[in-house]
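# Architecture and fold: a report
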Amino acid sequence: MTYEIPVTKTQNPKPRPADESKLGFAKYFTDHMFVMEYDEGKGWHSWRVEPHAPFLIEPASAVLHYAQMMFEGMKAYRKPDGSIQLFRPDMNIARMKNTCERMCMPEVPGDLFMAGLKAVIEADKDWVPSGKNTSLYIRPFMFGDEVSFSVLPAKHYKFMIILSPTGSYYAANDAGLTTARIYVQDTYIRAARGGTGYAKVGGNYGGGMRASQDAIRYNCKDVLWLDAAEHKYVEEIGTSNAFFVIGDEVITAPLDSGTILPGITRNSVIQLLTKWGIKVFERKLSIDEIVAASKDGTLKEIFASGTAAVISPIGWLNIKGEDMQVADGKVGTIAQRLYDKLYGMQTGVVEDDMGWTYPLGF
Ligand code: COI
C-alpha cells in the first residue's frame, strides 16, 4: 500500500549545530517529527509530519503509570555524493513487530513506517551530518496514551519518529575509536527468562539505571550485565551487545534465553566475521572464563556493538572494584576492522557487498 504523508513545515527553523565534531549523542533535535495515532477498531490514522515540538499529554495516560511503550534506534548516513541512506531498516521493522507483540501493542505496518520515516527525513534532510563519525540518529517510539489506570493494554496509542544529528556515543579518536572501561554488574540484573529482555522497551533501560550509577562510581562508561539466574554468564552491555575475542574465536551471548536484545549491529558483526572466515560462536560465556583467558593471555579483545555504540572497544573490565585490562588496553584489530567496514558501508565509502544499505533517493 502507498501512503500520502502530509507535511507541515516549521515557521521557525532552528540553527543547525555548526561544529559537527561536537555533536555528542542526541543533544540536538531536528525541525520536524512524524506522528500518527491508533484507535482500537480504527487502526492507524492521522499520519503526518509536523514541527518538532513539545505536546500535551493527559496525566492519567496509561504509559505514564505502567510504561506500555516501545522504541527503536536506527541511523541515516550522508554519502560522499551528498545523498542519504539507511542501514537494514527491514531489521528494525522486524524487531519492532516482536516488541509490539510482547507489549500487546499494535503492529506498525512496514510500508507505513517506511513512508513516515522517509517523509520526516526528507523534511529534515539538511540536518543529516557529513562529518567524521557522524550520522542522523533516528528514534521511532510508541506509547499507550489511553486515559486509564487499568493494568490492561491501552486502546489508544501514539507513534512518533524524532531525529537527532549525532556523533560517537563514546568518545572517538582519529581512527573513529577509543577504548572504554566497563563495570561488571554482579548485583542487579537486566532481564530474566520470560521477561522483556529481547524487546526494545524503556523499562529495560530505566530498570538498569541503578546499576549504571555503580558503573559511574567506578569511573566506568557502562555496565556489563550478567545472567539473572546465576550472576555468572555475560549477557550484554547497558546500551549494546558484547563480543569477546578469546584465542582465535569470537564469542557473544546466544539469543535463545530471550534475555538479550537482538541487535542489528550484532547480527551484522556475526555475518561479517563469518564471511571473513573468523570463527564466531553464540554461546554462554562465564565471567570466570574471561578472567582465566585474561590471566593466560588468550583474551585478545572485548567490544560492544549497537546502533548508537557502532563498534566500541572495551579496554578494561572493572570486576568487584578491581580493573582488569583487556590485552594491551588498546583498540583491537577485529574491532577496528569491523568499525571500518560497517561505518564505511553505511556512509558509502566502502563497497556494500552485503546488500545492507538502503538509499533513500534524495
Ligand atoms: C541504540 O543503539 O539505538 C539504542 O537504543 C541504545 C540506546 C539505549 C542508547
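Residues numbered from 1 in each chain as written. Predicted model: local features only at pLDDT ≥ 70, side-chain atom pairs only at ≥ 80, totals over all residues. Heavy atoms only, no water.

## Section: the nonpolar core
Nonpolar side chains in soluble globular proteins tend to be buried together. Ranked by size, the top nonpolar core spans 41 residues in total, and within it Phe113, Ile121 and Phe159 carry the most contacts. Of all the elements in the fold, those that place two or more residues in this core are strand S1 (32-39), strand S2 (43-51), strand S4 (74-78), strand S5 (84-87), helix H2 (89-102), helix H3 (110-123), strand S6 (135-144) and strand S7 (156-166). For this core, the element with the most residues is H3, which contributes 9 residues. Residues in contact with Phe113, not counting those within four places in the same chain, are Met74, Ile93, Met96, Val108, Pro140, Phe159 and Ile161. Counting residues in each nonpolar core, the second largest holds 24 residues, with Leu224, Ile251, Ile287 and Leu299 among its members. (Core = buried A, V, L, I, M, F, W, Y, C linked by side-chain atoms within 4.5 Å. Buried < 20%, exposed > 50% of the residue type's maximum accessible area, 1.4 Å probe, protein only. Helix = DSSP H or I, 4+ residues; strand = E, 2+ residues; numbered from the N terminus. Contact = heavy atoms within 4.5 Å.)

## Structural notes on the domain arrangement of the protein
Assigned domains within the protein: domain 1 (20-166) and domain 2 (180-347). Relative to domain 2, the C-alpha centre of domain 1 lies at a distance of 26 Å. Across the boundary between the two partners, domain 1 contributes 27 residues, which contact 25 residues of domain 2. Regarding the contact of domain 1 and domain 2, the summed buried area is about 2100 Å², with carbon and sulfur atoms giving 59% of it. When the area that domain 1 buries against domain 2 is broken down by residue, the three leading residues are Phe87, Arg95 and Arg102, summing to 30%. Where domain 1 meets domain 2, there are 0 salt bridges. Inspection of the region where domain 1 meets domain 2 yields 14 residue pairs in polar contact (both at pLDDT 80 or more). When contributions to the side of domain 1 that touches domain 2 are tallied by element, the ones reaching two or more residues are strand S3 (69-71), S4, S5 and H2. (Domains from an automatic or database assignment. Buried area = accessible area lost by both parts, 1.4 Å probe. Salt bridge = Lys/Arg side-chain N within 4 Å of Asp/Glu carboxyl O. Polar contact = N/O pair within 3.5 Å; in protein donor to acceptor, adjacent residues only side chain to side chain.)

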